[in-house]
Amino acid sequence: MKEFLEKIKEALEIEDRDIQMTDNFKEYDEWDSLNKLSLIVMIDEEYDVQVPDDKVNSCSSLQELYDEIQKLK
Amino acid sequence: MPLLKFNNVGIRGFSAAVPATVINNYEYTEFFKSEDVKEVVDKIGVKERRFVTHEQCSSDLCYAAANKLLDDLNVSREDIDLLVFVSQTPDYRMPATAISLQDRLGLNKDTIAFDISLGCSGFIYGLSTVYAYMQTGNFKKALLLNGETRSKVYSPKDRKTAFLFGDGGTAVLIENDEKYGESFFSMNSDGALSDLIKIEAGGYRNMSTCETVEERVVDEYGNIRSAEHGVMKGGDVFNFVLKEVPKDFKKLISFGNIDTNSTDYFVFHQANDFMNSYLAKKLKVSIDKVPSSIAKFGNTSSVSIPLTIVSELRGKLEGNKSLFLSGFGVGMSWGCAYIKIADSYISHIVEI
């Protein structure tokens, strides 16, 4: 879980703070359509799955995103 | 399995024409804040693009490229008996643009000429089509022309597509010769994903009306476009490429028993720099073997593979070389090819 959060921080270029599994990542200042592509690539690289765009959009927390990845694996 | 193998067909030469008008992407700030533009441009890697004038068409670019190539190689127009034009921005809905080019280029009336309507995969499809005709042995020489004016397709007020696309035209001269050896092609289609890159209206399902050309705000980011502008779902296009392209790559390698270590160059469709860098990494291909023209010309759809060859590999294709080509996009449609190069000529890029 810690590793997942680190990877998310890296993909979204978050450098100044810690993030939590309960965070709604789409409310981050760093969240935009460009960083979403980084997130998609990170998930492909680390977990070897592709999370559909509408699934990413409908996740309301990092936990939900994490669960979605586990489901696809 | 749609895998193809050809013998002793190859590319005698490549040429390209681009519009003289250079768009500096960092200064493409009429509709967006300059700091946002910088962030987008840095990530996608498209520093400059070329835009046609209102009057210029895909055929004009291909006409210039084809003339340059035939003149440079001193090939008689009489010897061309097949002309294939690949584009999704043809001059007219009818007739096919290839036919007007037969006349403009001064080719014989017994030339076979037709259009293929495909985007980013179009060079692979066009090349395999021409190779298949050539394999019959009944043709002297063939021209494959790829032309696109994507600047006329996308809304400049939709940040998802405003910075990516550019215009260009290329010509490739194909002939039979034993020196070319074997070539291999793999091609695929997934119509279930047709919504990922699309122009909704202006065809014959949703014909043009006053409403279809009306611009409107389409999302929470304030992007503006009409139903006759191109739409791209970037996230899912990414997912599609990451899922399908590596599989196809492996399929062709196994079919052709291809040694990727000794392959000289891997020329990918120039979608954006971010995607291609990751794709090279995922395919375990050294980035030195992956030429990129994305910074100069942006994404030119089916033109991007031959344009990259002309722009980046001039002087590097002397002697015997091998190229692995991969095109993927609108359709969704994708394919790859492994071809041998034997002293292929590359013209200087023409500006019109």
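What counts as what
Residues numbered from 1 in each chain as written. Chains lettered and ligands numbered in written order. Predicted model: local features only at pLDDT ≥ 70, side-chain atom pairs only at ≥ 80, totals over all residues. Heavy atoms only, no water. Helix = DSSP H or I, 4+ residues; strand = E, 2+ residues; numbered from the N terminus. Contact = heavy atoms within 4.5 Å. Axes fitted to C-alpha atoms, helices over the stretch in contact; angles between N-to-C directions. Parallel < 35°, antiparallel > 145°, perpendicular 65-115°, else oblique. Nonpolar A, V, L, I, M, F, W, Y, C, P; charged D, E, K, R; others polar. UniProt positions renumbered as here; feature names shortened; annotations may be inferred. Salt bridge = Lys/Arg side-chain N within 4 Å of Asp/Glu carboxyl O. Buried < 20%, exposed > 50% of the residue type's maximum accessible area, 1.4 Å probe, protein only.

Named according to an unreviewed UniProt entry, chain B is Beta-ketoacyl-ACP synthase 3 originating from Myroides pelagicus.

Novice: What is the right way to read the environment of valine 75 of chain B from this model?
Specialist: Residue and element names in this part refer to chain B. Here valine 75 is to be found in the loop between α2 (58-72) and β5 (80-86). Separated by 114 residues in sequence, valine 75 and serine 189 place their C-alpha atoms 36 Å apart. Each residue touching valine 75, except ones within four places of it in the same chain, is listed here: Leu70, Ile80, Lys141 and Leu173.

Novice: Explain the packing of helix α2 (residues 33-47) of chain A against helix α6 (residues 273-282) of chain B to me, please; I cannot follow it from the model alone.
Specialist: Taken N-terminus to C-terminus, the directions of α2 of chain A and α6 of chain B make an angle of 5 degrees; their axes are 12 Å apart at the nearest point. The orientation of α2 of chain A with respect to α6 of chain B, classified from their angle, is roughly parallel. Across from Leu37, Ser38, Val41, Asp44 and Glu45 of chain A in α2 of chain A, the residues of α6 of chain B making contact are Phe274, Tyr278, Lys281 and Lys282 of chain B. A class-by-class count of the residues in the contact of α2 of chain A with α6 of chain B yields four nonpolar, one polar and four charged.

Novice: Just checking my understanding: could you explain the UniProt feature "domain: Beta-ketoacyl-[acyl-carrier-protein] synthase III N-terminal" (unreviewed entry) in chain B for this structure?
Specialist: UniProt tags residues 114-188 of chain B as "domain: Beta-ketoacyl-[acyl-carrier-protein] synthase III N-terminal" (unreviewed entry). Counting secondary structure, residues 114-188 of chain B comes out at 19% helix and 39% strand; the distance between its end C-alpha atoms is 21 Å.

Novice: What should I look at first to understand the pattern of salt bridges in this one?
Specialist: Pairs can form between side chains of opposite charge once their charged atoms are near each other. All chains considered together, the criterion is met by 24 salt bridges over all chains. Where lysine 36 of chain A meets aspartate 53 of chain A, a salt bridge forms, and the shortest distance between an N and an O atom there is 2.9 Å. Here the residue lysine 36 of chain A occupies a position in helix α2, and aspartate 53 of chain A occupies one in helix α3 (residues 53-58), the gap between them amounting to 17 residues. Residue lysine 36 of chain A shares its accessibility class with aspartate 53 of chain A, and that shared class is buried. Between lysine 282 of chain B and aspartate 44 of chain A there is a salt bridge whose closest N-O contact spans 2.8 Å. With lysine 282 of chain B in helix α6 and aspartate 44 of chain A in helix α2, this pair bridges two chains. Here aspartate 44 of chain A falls in the buried class, since its relative accessible area comes to 2%.

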